[in-house]
Amino acid sequence: MRRERIRRTAPGLALWAAVSAPVLLNGGRSGAGSWVRPWTADWAGTGWATAAGIVLLGAAVAAGRRFPLAALGTALGLGALYSTQLITPQYSAALVVFAFLAGRRSPRARPALALFAAVTALGLVLTLAAGDEPWIWFMQVAAVLLAVVVPWLLGRSVRQYADLVRAGWTLADRLEREQRAVADRERLRERSRIAGDMHDSLGHELSLIALRAAALEIDRELGGPQRAAARELRLAAAGATDRLRDIVGVLRTGEEGAPTAPRDETVRAVVERARASGLSVHLAEPAAPAASPTAAGPDSGPGPDPDPGSGSGSGAPGAAPLPEMTDRAVHRVVQESLTNAARHAPGAEVTVRVVRRGGEVGVTVTNGPATRPAQGPVSGGTGLVGLHERVRLAGGTLVHGPAPDGGFSVTARLPVDGAPLRDTAAPSGPAPTAARELDRARRRVRRGLRQAVLVPAAVAAVLGLLMAGFDQYTRMRTLVPHAVYDAVRIGDLQSEVTARLPGQALPGRPAGTDPEPPDADHCRYHRADLLRDAPAYRFCFTEGRLSSKTLVTDVPREEDRDASP
């Protein structure tokens, strides 16, 4: 028990030590300013700040497995207390580690994306509220991109790869179980085939023997002993038929008893029997066609219409009977679909539609979504596999899958004349479940890898465009047209000159230009060219009036740049 406890807590303690080490080594070293300057500047340098940061990091490590985004938010908050640009010597390592773990542990991506957007928006609001330069916000966005988003995407990729490996092992185990089930099913199918062969061949022969014995039993030309012998023969044949029925029952699987429905049961009878069992099912039958006077019977006379209840009932009343393989396939499609609807969608409305059109008959069984939970375990879908094989052997096609309303639909097309349809050369239907799941897992991994590359590139491109646009905007706000430069005069009041000039000036004297006049109180510099800092217009003020205006340029020689004129 103790060893197990150590094994569980050791990784967390190691992680806590790793993210706390930079805090201990750097102590109160401050970054590039903070949003809480009134007290952070003094408090950040104390031991209390270091101790509080280590305790908060420990809490983030402890809660990080269940709440990874909360741990990441803690690291972001601690970094913001030391620097408005979030990158600090103390908490940069924790920021990267918790971002990676958030991507590795979070099952969904949307909460993390919402956190990133919230941090970016909050940074913009705080930057504007603190009166900082907009470049500070661009640095924050770059820090979030490089220190948070990129590690988070790497963690997402690692998680998706682990999911792919886990899905592969799960599918391998499922394939092994399915292979064993297929082998068992093949053996049971062979036993059922033997049972059917015995019933069809021996049962028919025994029935003929009993029929002939009965004829001899009533033949008056035979004597009493002969008719008694014929009677014993008939009884023996009937007993052999009963014993054959018992043998057929033994050869059937333990899960499946002998069929309780007659072999020639119609679709209508199947629907009625399901409705009597409590299933809400509706049979949509086509309208009855007009009787055809050309339908001839075996004696070349007008043939009678088949019994509407005979065969599968897969067409309109009065239609010609279907071939036996097609008839049984229609019956099995309806029977299996109703069984699946009752098992997987309890309480759902079921619609059975049988349409005979041209040289084929179509069967569609659709059920809505379940209205109450299913009872008992859900089967593995082998019934549809067998149904697909039966329809294919009958020359038809079978398609099944979810319906738009959340239910399930099974559609079969079968030939009327027994000839295979043109599109049944190969089995149709959806791909195996294992293949579909493996393909989905691979697509998730590929999508994660693309995101790990494309998302940072896209964010960097957008950030670059924003920075370029802001740079162009600031250049335009510091540009003074030549006409304005000519309009101001030496001796004008500073307020009048300032009203003519743009509201924003260059932050200082452009590099390489002449020094300012020694008698000037202060000077303002504005761009004369939109693309360059120099040449620039310099406006110097002395005692509240414009004392000089000059177009300053870069000094050609390096040794003359700081020399006095």
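Residues numbered from 1 in each chain as written. Predicted model: local features only at pLDDT ≥ 70, side-chain atom pairs only at ≥ 80, totals over all residues. Heavy atoms only, no water.

**Quick look at the sheet that holds strand β2 (residues 350-357)**
Okay, step 1: With mixed pairing, the five strands of this open sheet are ordered in space as β1-β2-β3-β5-β4. In the strand order of this sheet, the two ends are held by β1 (281-284) and β4 (397-402), each with one partner. Along the sheet, successive strands turn relative to each other by an average axial angle of 10°, direction set aside.
Okay, step 2: Examined bridge by bridge, strand β3 (residues 360-367) and strand β5 (residues 408-415) share eight bridges and lie antiparallel to one another. Paired with Thr366 across the bridge in β5 is Ser409.
Okay, step 3: Contacts from helix α9 (residues 267-276) reach β1 and β2, with the element oriented near 160° to β1.
Okay, step 4: In this fold helix α10 (residues 324-344) packs onto β1, β2, β3 and β5, with an angle of close to 5° to the strand it touches most, β3. (Pairing = 2+ DSSP bridges. Helix = DSSP H or I, 4+ residues; strand = E, 2+ residues; numbered from the N terminus. Axes fitted to C-alpha atoms, helices over the stretch in contact; angles between N-to-C directions. Contact = heavy atoms within 4.5 Å.)

**Section: the packing of aromatic side chains**
Okay, step 1: Counted by the stated rule, this structure contains three aromatic pairs.
Okay, step 2: Taking 5.5 Å as the distance between ring centres and 85° as the angle between the ring planes, the aromatic pair formed by Phe116 and Trp152 counts as edge-to-face. Highlighted residues: Phe116 in helix α6 (residues 110-130) and Trp152 in helix α7 (residues 134-217), separated in sequence by 36 residues. With respect to class, Phe116 is no different from Trp152; both count as buried. (Phe/Tyr/Trp six-rings, centres within 6.5 Å; stacked < 30°, edge-to-face > 60°. Buried < 20%, exposed > 50% of the residue type's maximum accessible area, 1.4 Å probe, protein only.)

**Things to note about a nonpolar patch on the surface**
Okay, step 1: On the surface, Leu122, Val125 and Leu126 cluster together to form a nonpolar patch covering roughly 250 Å² of accessible area.
Okay, step 2: Along the polypeptide, Leu126 turns up in helix α6. (Patch = residues over 30% accessible without salt bridge, like charges linked within 9 Å, V, L, I, M, F, W, Y side chains within 5 Å. Areas by Shrake-Rupley, 256 points an atom, 1.4 Å probe, with all protein chains shown as cover. Salt bridge = Lys/Arg side-chain N within 4 Å of Asp/Glu carboxyl O.)

**Examining helix α3 (residues 47-63)**
Okay, step 1: Taking 1.5 Å as the rise per residue, α3 with 17 residues should run 24 Å; its terminal C-alpha atoms sit 24 Å apart, in good agreement.
Okay, step 2: Along α3, the residues that are buried comprise Ala49, Thr50, Gly53, Ile54, Leu57, Gly58, Ala60 and Val61. (Expected span 1.5 Å × (residues − 1).)

**Overview of unusual backbone geometry**
Okay, step 1: Of note in the backbone geometry, Glu543 takes a positive phi value of approximately 50° without being a glycine.
Okay, step 2: The residue Glu543 is located in the loop between β7 (532-542) and β8 (545-552) in this model.
Okay, step 3: Classification of Glu543 as exposed rests on a relative accessible area of 75%.

**A look at the environment of Gln335**
Okay, step 1: For Gln335, the location among the structural elements is in helix α10.
Okay, step 2: Given the relative accessible area of 23%, Gln335 is considered partly exposed.
Okay, step 3: Sequence-wise, Gln335 and Val271 are 64 residues apart; in three dimensions their C-alpha atoms are separated by 8.3 Å.

**A look at the pairing of strand β6 (residues 522-529)**
Okay, step 1: As defined by bridge partners, β6 adjoins β7 across seven bridges and the pair is classed as antiparallel. Bridged to Asp529 within β7 is Arg532.
Okay, step 2: The hairpin formed by β6 and β7 contains two residues between the paired strands.

**Describing the state of the cysteines**
Okay, step 1: Tallying each qualifying case throughout the model produces one disulfide.
Okay, step 2: One disulfide in the model links Cys523 with Cys540; its S-S distance is 2.0 Å. The chirality of the disulfide connecting Cys523 with Cys540 is right-handed, given an S-S dihedral of about 105°. One end of the pair, Cys523, is in strand β6; the other, Cys540, is in strand β7, with 17 residues separating them in the sequence. (Disulfide = S-S within 2.5 Å.)

**Some remarks on the sheet that holds β6**
Okay, step 1: In spatial order, the strands read β6-β7-β8; together these three strands make up an open sheet with antiparallel pairing. Here the strands that pair on one side only, and so sit at the sheet edges, are β6 and β8. On average, each strand axis in the sheet is inclined to that of its neighbour by 25°, with strand direction left out of account.
Okay, step 2: As defined by bridge partners, β7 adjoins β8 across seven bridges and the pair is classed as antiparallel. Looking across to β8, one finds that Phe539 is bridged to Lys549.

**Considerations on the packing of α3 against helix α4 (residues 68-82)**
Okay, step 1: The interhelical angle for the contact between α3 and α4, taken along N-to-C directions, is 165°, at an axis separation of 8 Å. For the element pair α3 / α4, the angle class is roughly antiparallel. Taken as a pair, α3 and α4 cross one another with a handedness that is left-handed. The residues of α4 that touch α3, namely those facing Ala49, Gly53, Leu56, Leu57, Ala60 and Ala63, are Pro68, Ala71, Thr74, Leu78 and Tyr82.
Okay, step 2: Its residues assigned to classes, the contact of α3 with α4 comprises nine nonpolar, two polar and no charged. (Parallel < 35°, antiparallel > 145°, perpendicular 65-115°, else oblique. Left-handed = near helix turned anticlockwise from the far one by under 90°. Nonpolar A, V, L, I, M, F, W, Y, C, P; charged D, E, K, R; others polar.)

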